[in-house]
Amino acid sequence: MSVFRIALIQLAVSANKADNLTRASKLIAEAAKGGARIVSLPECFNCPYGTKYFPEYAEKIPGQSTEILSKAAKDNKVFLIGGSIPEEDNGKLFNTCTVYNTEGNMVAKFRKMHLFDIDIPGKITFKESECLSPGNSLAVVDTGFCKVGISICYDIRFAELAQLYNKRGCQLLVYPGAFNMTTGPAHWELLQRARALDNQMYVATVSPARDETASYTAWGHSTVVNPWGEVIATTEDKENIVFAEIDLKYMEEVRQQIPIGQQKRHDIYTVQELTN
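Residues numbered from 1 in each chain as written. Predicted model: local features only at pLDDT ≥ 70, side-chain atom pairs only at ≥ 80, totals over all residues. Heavy atoms only, no water.

Q: Which residues make up the sheet that holds strand 13 (residues 223-225), and what values go with them?
A: Strand pairing within a sheet occurs via backbone hydrogen bonds; the two strands may be parallel or antiparallel. If you walk across this open sheet you meet the six strands as 9-10-11-12-13-14, and the pairing is mixed. Looking at the sheet topology across the chains shown, the edges are occupied by strand 9 (140-142) and strand 14 (231-234). Across the sheet, the mean angle separating the axes of adjacent strands is 20° when strand polarity is ignored. With three bridges connecting them, strand 9 and strand 10 (residues 147-150) associate as antiparallel partners. Each bridged residue has a counterpart across the sheet, and for D142 the counterpart in strand 10 is K147. Strand contacts of helix 4 (residues 159-167): strand 9, strand 10 and strand 11 (172-176), with the helix running at about 140° to strand 11, the strand carrying the most contacts. (Pairing = 2+ DSSP bridges. Helix = DSSP H or I, 4+ residues; strand = E, 2+ residues; numbered from the N terminus. Axes fitted to C-alpha atoms, helices over the stretch in contact; angles between N-to-C directions. Contact = heavy atoms within 4.5 Å.)

Q: Account for the pattern of salt bridges, naming residues and giving values.
A: Across all of its chains, the model carries 17 salt bridges by this definition. As a salt-bridge pair, K112 and E128 come within 3.0 Å of each other at their nearest N and O atoms. Taken together, the residues K112 in the loop between strand 6 (106-111) and strand 7 (117-120) and E128 in the loop between strand 8 (124-127) and strand 9 connect sequence positions 16 residues apart. Both residues of the pair, K112 and E128, count as buried. Measuring nitrogen to oxygen at the nearest pair gives 2.7 Å for the salt bridge that ties E273 to R168. With E273 in the segment after helix 7 (260-263) and R168 in the loop between helix 4 and strand 11, this pair connects stretches of sequence that are 105 residues apart. Since its relative accessible area comes to 22%, E273 is described here as partly exposed. Residue R168 is classed as partly exposed on the basis of its relative accessible area, which comes to 29%. (Salt bridge = Lys/Arg side-chain N within 4 Å of Asp/Glu carboxyl O. Buried < 20%, exposed > 50% of the residue type's maximum accessible area, 1.4 Å probe, protein only.)

Q: Please provide a residue-by-residue account of the side chain of S222, values included.
A: Relative to the elements of secondary structure, S222 occurs in the loop between strand 12 (202-206) and strand 13. According to the relative accessible area criterion, S222 is buried, its value standing at 0%. In terms of polar contacts, S222 uses its side chain to reach the side chain of Q10, at 2.8 Å. Polar side-chain contacts of S222 include one of 2.9 Å to the backbone nitrogen of S207. (Polar contact = N/O pair within 3.5 Å; in protein donor to acceptor, adjacent residues only side chain to side chain.)

Q: Describe the packing of aromatic side chains, naming the residues involved and giving the relevant values.
A: Describing an aromatic ring pair means giving the distance of the ring centres and the angle of the ring planes. According to the stated counting rule, one finds 11 aromatic pairs in the structure shown. Plain terms: the ring middles of Y49 and F54 are 5.5 Å apart, the flat faces sit at 75° to each other, and that makes the pair edge-to-face. Judged by its relative accessible area of 8%, Y49 is buried. Residue F54 is classed as buried on the basis of its relative accessible area of 1%. The interplanar angle of 65° and the centroid separation of 5.4 Å between the aromatic rings of F116 and Y154 together place this pair among those described as edge-to-face. Residue F116 is located in the loop between strand 6 and strand 7, and its partner Y154 is located in the loop between strand 10 and helix 4; the two are separated by 38 residues in the primary sequence. Comparing F116 with Y154, the two get one shared label, buried. (Phe/Tyr/Trp six-rings, centres within 6.5 Å; stacked < 30°, edge-to-face > 60°.)

Next up, the structure:
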């Protein structure tokens, strides 16, 4: 299968976890009916985004939210990238994405590797490291028709991580993420296009819908970029499902036309994975 459909669910997230899970399940089913083989939810799909919320909403894995995700994947026969949830494990909190196959089995777990600690005077200060711990492992999902690399939000700023996924044979990178009203308009699309061009692969980003009343306001604009660096599907800030066709034959054509993968100077530089 060289062409398949992906769906990005730009979910309107509230403070009511049960509501969020119900809405997510409904939209996953809608995405599957729309022909999606891979469906992704946004970062922190089950709770508001913020350091004060992470401890309150944190769950063990498996737990309430991941059981819902497993059932939704199985019921709808899709590969489901479960956005992310606050995970509690041995007294530590992580920002964690779980992935499920069409049988509802969890086939990957990725903990956000680069924590979102920024300080832009007069605009935004945020420090995930106040309560979260970083993950240390990549997560590659082999669907049988595409290899998918998983990262979360701020991880997109680190080109080396995407390059490692490229070396692992990934053809699609998916970043559940919640950029804000400062970094969103400035960098959201730019970073996606950069990672797609760097690695000549598809890049998808999945944001929550914007809530102007929230303590942290997400930018929205869930997007898919092709290996030529073109935006092929996107939306604005409201709740929506973004569909896009992923064409792996086209990806190979781009790589043949501009064969940077064969032109790297490994005698001068390299990007190496130090842990598995």
